[in-house]
4 protein chains.
Amino acid sequence: MTVDINCDMGESFGNYQIGNDEAIMPYISSCNIACGYHGGDPLVILKTLQNANNHQLALGAHPSYPDLQGFGRRSMKVPTNELSAMLSYQICALTGMAAISRKKIAYVKPHGALYNDMAKSEELSSTVINTILQINPELRLIGMANTVTEELCQEKGLCFSGEFFCDRNYNNNGYLVARTQQDAILQNPDVIANRALNFVKTGKINSIQGNQLSIKAETLCIHGDHPNALRIAKAIKASLTASNIQIKCIA
Amino acid sequence: MTVDINCDMGESFGNYQIGNDEAIMPYISSCNIACGYHGGDPLVILKTLQNANNHQLALGAHPSYPDLQGFGRRSMKVPTNELSAMLSYQICALTGMAAISRKKIAYVKPHGALYNDMAKSEELSSTVINTILQINPELRLIGMANTVTEELCQEKGLCFSGEFFCDRNYNNNGYLVARTQQDAILQNPDVIANRALNFVKTGKINSIQGNQLSIKAETLCIHGDHPNALRIAKAIKASLTASNIQIKCIA
Amino acid sequence: MTVDINCDMGESFGNYQIGNDEAIMPYISSCNIACGYHGGDPLVILKTLQNANNHQLALGAHPSYPDLQGFGRRSMKVPTNELSAMLSYQICALTGMAAISRKKIAYVKPHGALYNDMAKSEELSSTVINTILQINPELRLIGMANTVTEELCQEKGLCFSGEFFCDRNYNNNGYLVARTQQDAILQNPDVIANRALNFVKTGKINSIQGNQLSIKAETLCIHGDHPNALRIAKAIKASLTASNIQIKCIA
Amino acid sequence: MTVDINCDMGESFGNYQIGNDEAIMPYISSCNIACGYHGGDPLVILKTLQNANNHQLALGAHPSYPDLQGFGRRSMKVPTNELSAMLSYQICALTGMAAISRKKIAYVKPHGALYNDMAKSEELSSTVINTILQINPELRLIGMANTVTEELCQEKGLCFSGEFFCDRNYNNNGYLVARTQQDAILQNPDVIANRALNFVKTGKINSIQGNQLSIKAETLCIHGDHPNALRIAKAIKASLTASNIQIKCIA
């Protein structure tokens, strides 16, 4: 049995360091690389690509709304043609920079507010999916499971991978508890690792209100800027390995 | 007999319009497309690519130092590895966006201060040339004729096209009169057109101090943000056509 | 009889020119100065202050969401403490720069999406009003008439001036027809001038659906980036003057 | 006996944390607050002002070239009128935000490349000094001792405070060893504290080449983004206190 673990990487910017990328890479299989709109800069992208290649990780584009100051976590009403152009710009820049080392981008995972807005909006999901299909129909989209994003991927013929957020609490409706709320983020590495293992085995998780949710997910997400990120990554790998579950990117 | 004419395009940004791109395209053969660092944004890039394709223009990347506020016209001391990464980011974004319409980028023409700094710096020229060779060794570089940029292209095996600036005065040393000086920019379309024609026929031009300069140039540059840009473009085409010189991109 | 006319000014940025500020200043009484977040840069601010002082215009701060690429016309979900800080930064920068020439800022007029979002949100209006009161309780706020913005100003003791948009169509609910819709913007200078005159005389205007709306406005707004801005400004002044209505800033 | 210690603060940006401001404040007397051009954002500015006020620190504006990506450490050729406007914008924004809490800015310390470029350029020093005098002639300038910056302050009547960099090596010519060089930055807190104490007692320091330099400095600078910043701050305070030297801002 195998499971993919993806993590946001390359979100440092200039003199600003965020996350602990190199330390975490041994514990994941897929690397979501920021493209410069919410984090990342060209030098950070090159270094992240190099590190990810050293660890043989699957490479993903991690595009965002244009909002460095808000780290891509603020919803913005961007016209669809402009959003599509922004996504193309980000994905193409990353794709070309990966190609310098003869590597390919395997998937796209939208970031932050764009990711969450998509899960609630057919128009947004449609814009993102159409843009990816135009660029390269063999790309996958990592998105929120059980949402319009997933439905539209099936309809339009884009390969979709749902994900499970190991370190975040869920509401009854299947959406994440907002970062602005207390209890949005789980802190204890062992609790998180146990939760991840149970989810991989059962596909089920308890919401913060106590209901059991079924989530169809192929990949586990961990957050590289979590204060305990490295300990979480290690704990998850240990707990999965102990159950003979291998961490491996989606073929 | 043929000559290439290149022009900076796609330098508008958001609500800010600059240049008169669509009107000028019928009079040129090569389109230098801003990549978002000194001008241009993703939507502007897509529209410029579409317009350029409609006019069957050769496509060039027009990367810059990161300086929207200064329109890329301020020298910046950027470490070479960071500059190289910034160039890759810009060129790759444009290349990928052109590929959506199955078009290729034919050349790179650095913008503004970067262009001028390269002409005076072996280190900068070397950084730019090496970066282009890594991305795609079949790209050409449009640069300042008779400079270290040209020399290093020959040495490193990158195809180089020198250019002649129709609307700018030259100093005796072959560099352009700086924009901060009076007389940097010629204004009269007929004077400029006549100057362009003479140059194409002879390969020579008089400096502002009155000396005759020989410039080995394959392409003429006109500026799309010149207040008389359209009239200049028309006058040049008329004067070249009247002498049976065809405007055609470099094969 | 007098009426104030306000106009957005100083929205150029670096090499990008927008509007026709100097030409329009003779026809207005209040100058809304962009503060660098949706347009404007420090040099533009200084020049705009100087021009406005030459024309003896009342000076207003014209702060925005942080969005140069979208010209402040995209709604953004900014946490209230962060929005308050952003407003302080913009208003204080302008206030201090005016003080270099011993001038005072008389009012604040929020820009674009922020302006429109305030009209529909008690929380946003409250944040903006509280921020202004903290900086200087003698400032006025120019905002959307007949809205929660106006109500909260009265409640909190901030001087409010409603405005009438001469060149925009209104919906039955008293809000502007969105820029994304056809018919949002009126084009004909004579129609606009006539509309302005009728409004000043009666305080009433017909919505695009044909209903008569009453608007309690002390100031008329014209848009400096309207393609016919100068002709509109002249036509309005001519039509007001012909009816013995003087253009004068609010005391 | 007293000495001032200044430290760069408020350089975090959005989601990006840099430095350890609150922990270091008990060990310094003057707080250089980033103004948003190389670091800092409006919310960070407000929080830094509040913290600085809680620790009764003297407040300084820490303006920069406009270069977040380069953290203000890249020289840029900015025209003097534009640079002056940029400085006004930054200093005025901070001054106004301090005034909300009825506090005053006591001094200006230019940041990074601007600071170093000033020390070598009469034109730049002159631009900065004239700008400060226009805004408020009672402000002080913290700059590089024994340079044209100091000379011009005396000539123009602006109060100048030279500084000594506790954690940086000096060249024989009195300038700092560039950050791009090895040995630019001292690492050991005890070595740095001892160096600071000796300097305060003698006004002399050994260059990296071994020559003794005399530096006329009223303030010691420590760097908040140094990996050992807090330990350095504590060690300096301990060593000064042990010699009965009090840390106190310049009156």
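The structure under discussion appears in the preceding block.
## As for the overall build of chain A
Next up, step 1: The helix and strand inventory of chain A stands at eight helices and ten strands.
Next up, step 2: In terms of C-alpha radius of gyration, chain A reaches 17 Å, essentially the compact-globule figure of 18 Å for 251 residues.
Next up, step 3: With the C-alpha coordinates of chain A rotated into their principal frame, the extents come out at 40 × 35 × 35 Å.
Next up, step 4: Here chain A holds 251 residues, and the buried ones make up 62% of them.

## A few points about the relation of the copies chain D and chain C
Next up, step 1: Rotating chain D by 180 degrees about the axis while translating it 0.0 Å along that axis superimposes it on chain C, leaving an RMSD of 0.0 Å. Given the turn and translation reported, the copies of this chain are related as if by a two-fold rotation axis. By C-alpha distance to the rotation axis, the residue of chain D lying nearest is Ala-93 of chain D, at 1.9 Å.
Next up, step 2: Comparing contact sets, 100% of the residues at the interface of chain D also lie at the interface in chain C, consistent with an isologous, same-surface contact.

## Focus: the pairing of strand β3 (residues 58-62) of chain D
Residue and element names in this part refer to chain D.
Next up, step 1: Among the five residues of β3, five are classified as buried, and the element is accordingly described as predominantly covered.
Next up, step 2: On β3, burial covers both faces: Ala-58, Gly-60 and His-62 on one face and Leu-59 and Ala-61 on the other are all buried.
Next up, step 3: Relative to β3, strand β2 (residues 30-34) runs parallel, the two being bridged by five bridges. For Ser-30, the partnering residue across the bridge sits in β3 and is Ala-58.
Next up, step 4: The parallel pair β2 and β3 is bridged by helix α2 (residues 42-54), and the resulting crossover is right-handed.
Next up, step 5: As defined by bridge partners, β3 adjoins strand β4 (residues 107-108) across two bridges and the pair is classed as parallel. Bridge pairing in β4 links Gly-60 to Tyr-107.
Next up, step 6: Taking the sense of rotation as the criterion, the β-α-β connection linking β3, helix α3 (residues 80-100) and β4 turns out right-handed.

## Focus on helix α8 (residues 229-242) of chain B
Residues and elements named next belong to chain B.
Next up, step 1: Here α8 contains 14 residues, and its C-alpha end-to-end distance of 20 Å stays within 8% of the 20 Å for a straight helix at 1.5 Å per residue.
Next up, step 2: Three or more residues of α8 are buried, namely Ala-229, Ile-232, Ala-233, Ala-235, Ile-236, Ser-239 and Leu-240. Within α8, the buried residues cover an arc of 165 degrees as seen down the axis, which keeps them to one side. Facing away from the buried side of α8 by over 90 degrees, the exposed positions are Arg-231 and Ala-242.
Next up, step 3: Turning to α8, the residues buried within the fold contact β1 (2-9), α1 (21-24), α7 (189-202), β9 (219-222) and β10 (246-247).

## A word on the packing of aromatic side chains
Next up, step 1: With the rule as written, the count across this model stands at 28 aromatic pairs over all chains.
Next up, step 2: Seen from their ring centres, Phe-164 of chain A and Tyr-170 of chain A are 5.8 Å apart, and the 0 degrees between their planes marks the pair as stacked.
Next up, step 3: When the centroid spacing of 6.3 Å and the interplanar angle of 50 degrees are considered together, the rings of Tyr-37 of chain C and Tyr-89 of chain C count as tilted. You can see Tyr-37 of chain C sitting in the loop between β2 (30-34) and α2 (42-54) and its partner Tyr-89 of chain C sitting in helix α3 (residues 80-100), a full 52 residues away along the chain. Of the two residues, Tyr-37 of chain C and Tyr-89 of chain C, neither departs from the other in class, the shared state being buried.
Next up, step 4: Grouping aromatic residues by their ring pairs yields a cluster made of Phe-13, Tyr-16 and Phe-71 of chain A together with Phe-13, Tyr-16 and Phe-71 of chain D.
Next up, step 5: Directly above the ring of Tyr-175 of chain B sits Lys-120 of chain B, whose terminal nitrogen or CZ lies 4.9 Å from the centroid.
Next up, step 6: The ring of Tyr-115 of chain D carries Lys-109 of chain D above its face, with NZ or CZ at 5.8 Å from the centroid.

## Remarks on the interface of chain D and chain C
Many authors give the size of an interface as the accessible area that is lost as the parts come together.
Next up, step 1: Facing the 20 residues of chain D at the interface are 20 residues of chain C.
Next up, step 2: Summed over both partners, the interface of chain D with chain C comes to about 1700 Å²; 76% of that surface belongs to carbon and sulfur atoms.
Next up, step 3: Run the count over chain D and chain C and you get two residue pairs in polar contact (both at pLDDT 80 or more).
Next up, step 4: Breaking the side of chain D that touches chain C down by element, the ones donating at least two residues are α2, α3 and α5 (122-135) of chain D.
Next up, step 5: The leading source of residues in the side of chain D that touches chain C is α3 of chain D, at eleven residues.
Next up, step 6: Among the residues forming the side of chain D that touches chain C, the class breakdown is 14 nonpolar, five polar and one charged.

## Observations concerning the relation of the copies chain B and chain A
Next up, step 1: The two copies are related by a screw operation: chain B maps onto chain A through 180 degrees of rotation and 0.0 Å of translation along the axis, at an RMSD of 0.0 Å.
Next up, step 2: Both copies present the same face, since 100% of the interface residues in chain B are matched by interface residues at the equivalent positions in chain A.

## Focus: the pattern of salt bridges
Next up, step 1: Scanning the model with the defined rule gives 24 salt bridges over all chains in all.
Next up, step 2: Here Arg-73 of chain A ties to Asp-225 of chain A by a salt bridge, and the two come within 3.2 Å at their closest N and O atoms. Note that Arg-73 of chain A is positioned in the loop between β3 (58-62) and α3 (80-100) and Asp-225 of chain A in the loop between β9 (219-222) and α8 (229-242), a separation of 152 residues in sequence.
Next up, step 3: As a salt-bridge pair, Glu-163 of chain C and Lys-109 of chain C come within 3.0 Å of each other at their nearest N and O atoms. Here Lys-109 of chain C lies in the loop between β4 (107-108) and α4 (112-120) and Glu-163 of chain C lies in strand β6 (residues 159-165), a separation of 54 residues in the sequence. Each member of the pair Glu-163 of chain C and Lys-109 of chain C is classed as buried.
Next up, step 4: Salt bridges sharing partners connect three or more residues here, namely Asp-8, Lys-109 and Glu-163 of chain A.

## So, the interface of chain B and chain A
Next up, step 1: Contact with chain B, which involves 20 residues of that partner, is made by 20 residues of chain A.
Next up, step 2: At the boundary of chain B and chain A, one finds zero salt bridges.
Next up, step 3: On the surface where chain B and chain A come into contact, there are two residue pairs in polar contact (both at pLDDT 80 or more).
Next up, step 4: For the side of chain B that touches chain A, the elements supplying multiple residues, two or more each, are α2 (42-54), α3 (80-100) and α5 (122-135) of chain B.
Next up, step 5: Here the element with the most residues in the side of chain B that touches chain A is α3 of chain B; it accounts for eleven residues.

## Remarks on the packing of helix α4 (residues 112-120) of chain A against helix α5 (residues 122-135) of chain A
All names here are of chain A.
Next up, step 1: Running from amino to carboxyl end, α4 crosses α5 at an angle of 115 degrees, the nearest separation of the two axes being 6 Å. The two elements α4 and α5 cross, and the hand of that crossing is left-handed. Between α4, through Leu-114, Asp-117, Met-118, Ala-119 and Lys-120, and α5, the contact on the second element is made entirely by Glu-122, Leu-124, Ser-125 and Val-128.
Next up, step 2: Of the residues contributing to the contact of α4 with α5, the split by class is five nonpolar, one polar and three charged.

## Points about the environment of Ser-126 of chain C
Residue and element names in this part refer to chain C.
Next up, step 1: By the secondary structure assignment, Ser-126 is in helix α5 (residues 122-135).
Next up, step 2: Here Ser-126 falls in the buried class, since its relative accessible area comes to 17%.
Next up, step 3: Between the C-alpha atoms of Ser-126 and Tyr-175, which are 49 residues apart in sequence, the distance is 19 Å.
Next up, step 4: With residues near it in sequence (within four places) discarded, Ser-126 still touches Leu-152 and Lys-156.

## Description of the packing of α2 of chain D against α3 of chain D
Residue and element names in this part refer to chain D.
Next up, step 1: Across the interface, α2 lies against α3 with an axial gap of 10 Å and an inter-helix angle of 50 degrees. With respect to α3, the axis of α2 lies oblique. The handedness of the crossing between α2 and α3 is right-handed. Note on element contacts: α3 touches α2 through Leu-94, Met-97 and Ala-98, opposite Pro-42, Ile-45, Leu-46 and Leu-49.
Next up, step 2: Partitioning the contact of α2 with α3 into residue classes produces seven nonpolar, no polar and no charged.

## A few points about the side chain of Asn-32 of chain B
Residues and elements named next belong to chain B.
Next up, step 1: Relative to the assigned elements, Asn-32 resides in strand β2 (residues 30-34).
Next up, step 2: Judged by relative accessible area, Asn-32 falls into the buried class, the value being 0%.
Next up, step 3: At 2.5 Å, the side chain of Asn-32 and the side chain of Tyr-107 are in polar contact.
Next up, step 4: If near-sequence neighbours (up to four positions away) are discounted, Asn-32 is found in contact with Asn-6, Cys-7, Asp-8, Met-9, Gly-60, His-62, Tyr-107 and Lys-109.

## A look at the environment of Gly-10 of chain B
Residue and element names in this part refer to chain B.
Next up, step 1: Topologically, Gly-10 is positioned in the loop between β1 and α1.
Next up, step 2: Gly-10 sits 147 residues away from Gly-157 along the chain, and the two C-alpha atoms are 29 Å apart.
Next up, step 3: When neighbours within four sequence positions are excluded, Gly-10 is seen to be in contact with Asp-21, Ala-34, Gly-39, Gly-40, Val-44 and Thr-48.

## Considering unusual backbone geometry
All names here are of chain B.
Next up, step 1: Phi angles above zero are rare outside glycine, and Arg-102 is one such case at about 60 degrees.
Next up, step 2: Following the sequence through the fold, Arg-102 ends up in the loop between α3 and β4 (107-108).
Next up, step 3: A positive phi angle, close to 60 degrees, is found at Asn-146, a residue other than glycine.
Next up, step 4: By the element assignment, Asn-146 lies in the loop between β5 (140-144) and α6 (148-156).

Rules used in this analysis
Residues numbered from 1 in each chain as written. Chains lettered and ligands numbered in written order. Predicted model: local features only at pLDDT ≥ 70, side-chain atom pairs only at ≥ 80, totals over all residues. Heavy atoms only, no water. Helix = DSSP H or I, 4+ residues; strand = E, 2+ residues; numbered from the N terminus. Rg over C-alpha atoms; globule rule 2.2 N^0.38 Å. Buried < 20%, exposed > 50% of the residue type's maximum accessible area, 1.4 Å probe, protein only. Least-squares fit on C-alpha atoms with pLDDT ≥ 70 in both. Contact = heavy atoms within 4.5 Å. Pairing = 2+ DSSP bridges. Right-handed = clockwise from strand over helix to strand, strands pointing away. Expected span 1.5 Å × (residues − 1). Arc of directions from axis to C-beta. Phe/Tyr/Trp six-rings, centres within 6.5 Å; stacked < 30°, edge-to-face > 60°. Lys NZ or Arg CZ within 6 Å of the ring centre and 35° of its normal. Buried area = accessible area lost by both parts, 1.4 Å probe. Polar contact = N/O pair within 3.5 Å; in protein donor to acceptor, adjacent residues only side chain to side chain. Nonpolar A, V, L, I, M, F, W, Y, C, P; charged D, E, K, R; others polar. Salt bridge = Lys/Arg side-chain N within 4 Å of Asp/Glu carboxyl O. Axes fitted to C-alpha atoms, helices over the stretch in contact; angles between N-to-C directions. Left-handed = near helix turned anticlockwise from the far one by under 90°. Parallel < 35°, antiparallel > 145°, perpendicular 65-115°, else oblique.

Note that all results are geometric; they support no functional claim without further evidence.
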